[in-house]
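Structure assessment
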Amino acid sequence: MRMIHTSDWHLGRAFHQVGLQGAQSAFLDHLVEVVRAESVDAVLVSGDVYDRALPAPDTVAMLSDVVERLIDAGAAVVLSSGNHDSAIRLGFASRVLERSGLHIRTSLDDIGRPVLVGDVAVHPLPYLEPSLTAGRLGATERTHASVLRAAMDRVRGSLATGSHRRSVVMAHAFVTGGATSDSERDIAVGGVAAVPPAVFDGVDYAALGHLHGRQEVAEGVRYSGSPVAMSFSEARHTKGSWLVDLAGDGAPAVHFVAAPVERPLALLRGTLDELLTGREHAAAEQAWCQVTLTDPLRPLGAMERLRERFPHTLDLRFAPTGSVTTMSAYAASLTERSDLDVCCDFLTHVRGGHGADDAERQLLAEAVEGARLGRSHAEGEGSATGRRSGAA
């Protein structure tokens, strides 16, 4: 079986208030062409299909269109829900859609029920919010590691009774050893978010989602990363998908397929005059730019002057040369920091540089976590629910 491992499409995402629909559409066109050219049997999308629990109509239409084209190109399509998706909404009519080659798995009831592609059993695991799923899975603790262990026990039980030759599991989690990016939503619960790679022992390949940089955290345990950059911390990433061949009894053959880049990212640093005149910065003139100015005094009209040469400058920061300490620009950092860090930055900002102490940070962490869980209960965002249980 030949498959493409991809994840974290985040359809509907914006990058510093600039919509990514064009870049995402170009990637999806590229994906369809790869399926045709490489005779791919299955496309696996390991969570965060959408960027929001309530995607816009044009975003839903984009997903519908690419799924139709992928199936017409000859591939089965397997989608699992991530922490950005609404499990209930993404999973609507999933049993009916299976008949046409689209397999959507968002429910606890489906864990252990494989998608069969030839002689390969693919087990998609939805994102499992520990506080909502630990009891129903029989997990011993309300942690990501514990609920995934319980889910994998179901998977291994299914594998022990099946007639397939090879196996794949899809999961959306933070696995120990993975490198993070600024654009990923924190999924920590009580400070315990990491999952050891050994949780996935017993399968031939673990197709992971959540982290936005492609990487292998253990043998056969890989992140595809997001196909489009969503923060300047990803400026050095090469985006794309894994093309995985499962043949015979040997290790999977894995090849990286680079995705098209609509516009590169550039990180620029220096004085305003250096940036406006330096020939070494010519390549950044067509890039999305994050600029850090080091002038001792903040230049007047800096953004307007920068955009004369670098018209796609999105993020402007200041780090004056010679200053002992600098207070980060609170408003400029909102799009690339965790909710807890944003709250702490705000406190630092309004108190003139005096940050949160340990007790205050703990209170803020509890408030942020409570708000996140409240959204999960209310909207079904990021939680796998049973079709018959009525749980949110």
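Residues numbered from 1 in each chain as written. Predicted model: local features only at pLDDT ≥ 70, side-chain atom pairs only at ≥ 80, totals over all residues. Heavy atoms only, no water.

1. Thoughts on the pairing of strand β6 (residues 102-105)
Both faces of β6 are covered, namely the face carrying L102 and I104 and the face carrying H103 and R105. Taken together, the 4 bridges between strand β5 (residues 76-80) and β6 define a ladder with parallel strand orientation. Each residue of the ladder has a partner; that of V77, found in β6, is L102. (Buried < 20%, exposed > 50% of the residue type's maximum accessible area, 1.4 Å probe, protein only. Helix = DSSP H or I, 4+ residues; strand = E, 2+ residues; numbered from the N terminus. Pairing = 2+ DSSP bridges.)

2. Considering the sheet that holds strand β18 (residues 288-293)
With respect to topology, 3 strands assemble into an open sheet ordered β17-β18-β19, the strand pairing being parallel. In the strand order of this sheet, the two ends are held by β17 (265-270) and β19 (313-318), each with one partner. The mean angle between the axes of side-by-side strands here comes to 15°, regardless of whether they run parallel or antiparallel. Across 6 bridges, the pairing between β17 and β18 is parallel. (Axes fitted to C-alpha atoms, helices over the stretch in contact; angles between N-to-C directions.)

3. Quick look at helix α5 (residues 130-137)
Each α-helix turn comprises 3.6 residues. Residues three or four places apart therefore point the same way. Along α5, the positions that sit buried rather than exposed are P130, L132, T133, A134 and L137. Looking at the residues trailing α5, positive phi occurs at G138, about 75°.

4. So, the sheet that holds β5
In spatial order, the strands read β6-β5-β4-β1-β15-β16; together these 6 strands make up an open sheet with mixed pairing. Two strands in the sheet have a free side with no partner beyond their single neighbour: β6 and β16 (253-258). Sheet twist, expressed as the average angle between the axes of neighbouring strands with direction ignored, equals 20°. As paired elements, strand β15 (residues 240-245) and β16 share 6 bridges and run antiparallel to each other. Paired with L243 across the bridge in β16 is H255. Helix α1 (residues 21-38) rests against β1 (2-6), β4 (42-46), β15 and β16 of the sheet, and its axis sits at about 165° to β1. (Contact = heavy atoms within 4.5 Å.)

5. Describing the side chain of E98
One can find E98 in the loop between α4 (94-97) and β6. Given a relative accessible area of 19%, E98 falls into the buried group. Ignoring sequence-local partners within four residues, the contact set of E98 consists of H103, R105 and R113.

6. Thoughts on the pattern of salt bridges
On inspection of all chains with the given rule, the structure shows 21 salt bridges. Note that D273 is salt-bridged to R305, the shortest N-O span being 4.0 Å. Residue D273 is found in helix α7 (residues 272-277), and its partner R305 is found in helix α8 (residues 302-309); the two are separated by 32 residues along the sequence. By relative accessible area, R305 is classed as partly exposed at 34%. A salt bridge links E285 to R309, with the shortest nitrogen-to-oxygen separation between them at 2.9 Å. One end of the pair, E285, is in the loop between α7 and β18; the other, R309, is in helix α8, with 24 residues separating them in the sequence. (Salt bridge = Lys/Arg side-chain N within 4 Å of Asp/Glu carboxyl O.)

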